[in-house]
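Overview (structure and organization)
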Amino acid sequence: MLMDCHTHTKFSFDSDAGPAEMLDKAKSLGLAAWAVTDHCECNCWYPREHYSGEVLSDHFDFGSDYERSVAAVTEMKRSDDMNIICGIEMGQPLQALDIAEKIVSDSRLDFVLASLHQLSGEEDFYFIKYSECASDRINSLCERYFREIYEMCRWGKFDILAHLTYFLRYMRENAPDISRYDDIIAESFRELIAKDKGIEINTSGLRNGGSETFPTLKYVKLFRDLGGELISVGSDAHTPQDIGSGTAQGAEIAAAAGFTRLCCFKKRKPYFINIY
Ligand SMILES: [Zn+2]
Ligand SMILES: [Zn+2]
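Below, the discussion takes up the overall build of the protein. Along the protein, the regular secondary structure elements total eight helices and nine strands. The C-alpha radius of gyration of the protein comes to 18 Å, within 12% of the 19 Å expected for a compact globule of 276 residues. Seen through its principal axes, the protein has C-alpha atoms that stretch 50 × 50 × 35 Å. Taking all 276 residues of the protein together, the buried fraction comes to 44%. When contacts within the protein are restricted to residue pairs at least 6 apart in sequence, long-range pairs at least 24 apart make up 76% of them.

Structure, rendered in structure tokens:
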């Protein structure tokens, strides 16, 4: 296991994991790089009044979980010799661009993952009941997903695009053949490559009996063949036991696609680790 550059702590709404126990596990695995990337769903950002006007930092005057995550990870970086990366998983940046612009200009962050969990006017892909959806609706969700991904890549102010094909994690047997979207995926990759940005191999799909990463080798190879240089690997762990899970296989997929090194970011600059 070389790196795990996508993990969550209790400062994400869907995790109870204490930062200290996550650190202990990351250290015990001997990871060369470990990133904490708590959720920041731009479209769900609450106004300052939600926090009773509490001012948590000079940078943001609201957003308590975000501030607590950045503060906790900054403190761990200061007091521990492990290669800890202070990241964030920025969801739906284009749906609240003012919030996204603040995040990408926060100088405390080493690393910004960009995600699309939820289309405008829809629930998170996690919550949609696909077995009750007609195929037209499924196709429309997929098409809108890839169109918004393309627009995110055109904006491109993040470092790494997280878990491309996220919806497949939940759509499973109801999913269409996504090869019909290969052209817009390639266009999205070209936008990233032109801006020296990368994609992630998210290994969460290898857990619980799953067999596929997000995205699969086919798309990692497409990214490489188009000239992509920056490939990151992350487990998307929300518990200490899942840290590093599948990341060795993720590195093998990167190698099979033609990459010789993995990438993470420190101070928003690429940082490389050789695969072999
Ligand atoms: Zn995510
Ligand atoms: Zn995540």
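Having put the structure on the table, let's press on.
Bringing helix α6 (residues 182–194) into the picture now. Taking 1.5 Å per residue, 13 residues should reach 18 Å; α6 reaches 18 Å between its end C-alpha atoms and fits that length. When α6 is considered as a whole, its buried residues turn out to be Ile-185, Ser-188, Phe-189 and Leu-192. Summarising the axial view, the buried residues of α6 lie within an arc of 100°, below the 170-degree limit, and thus occupy one face. Seen from the buried face of α6, the exposed residues on the opposite side, beyond 90 degrees, are Asp-183 and Ala-194. One or two residues past the end of α6 sits Asp-196, with phi positive at roughly 60°.

Turning our eyes to something else, we now look at helix α8 (residues 247–256). Thr-247, Gly-250, Ala-251, Ile-253 and Ala-254 are the residues of α8 that are buried. Viewed along the axis of α8, the buried residues span an arc of 155°, placing them on a single side of the element. Facing away from the buried side of α8 by more than 90 degrees, the exposed set consists of Ala-248 and Ala-256. The first or second residue beyond α8 is Gly-258, which carries a positive phi of 105°.

The peptide bond linking Phe-214 to Pro-215 adopts the cis configuration, its omega dihedral lying at -5°. Structurally, the position occupied by Pro-215 is in the loop between β6 (198–202) and α7 (217–225). Non-glycine residue Arg-172 carries a positive phi angle of around 40°. Arg-172 gets classed as exposed once you count the C-beta atoms within 10 Å, which come to 11.

We now examine the sheet that holds strand β7 (residues 231–234). Judged by pairing direction, the sheet is parallel, and its seven strands sit side by side in the order β1-β2-β3-β4-β5-β6-β7 without closing on themselves. In this open sheet, the two edge strands, each paired with only one partner strand, are β1 (3–4) and β7. Two elements, strand β3 (residues 84–91) and strand β4 (residues 111–115), share five bridges in a ladder whose sense is parallel. Across the sheet, the residue bridging to Gly-87 is Phe-111, located in β4. Contacting β2 (33–41) and β3, helix α2 (residues 64–79) crosses the sheet at an angle of about 165° to β3.

Rules behind the numbers
- Residues numbered from 1 in each chain as written.
- Chains lettered and ligands numbered in written order.
- Predicted model: local features only at pLDDT ≥ 70, side-chain atom pairs only at ≥ 80, totals over all residues.
- Helix = DSSP H or I, 4+ residues; strand = E, 2+ residues; numbered from the N terminus.
- Rg over C-alpha atoms; globule rule 2.2 N^0.38 Å.
- Buried ≥ 20, exposed ≤ 12 C-beta atoms within 10 Å, placed from the backbone.
- Contact = placed C-beta atoms within 7 Å.
- Expected span 1.5 Å × (residues − 1).
- Arc of directions from axis to C-beta.
- Pairing = 2+ DSSP bridges.
- Axes fitted to C-alpha atoms, helices over the stretch in contact; angles between N-to-C directions.

Nothing here speaks to function; it is geometry throughout.
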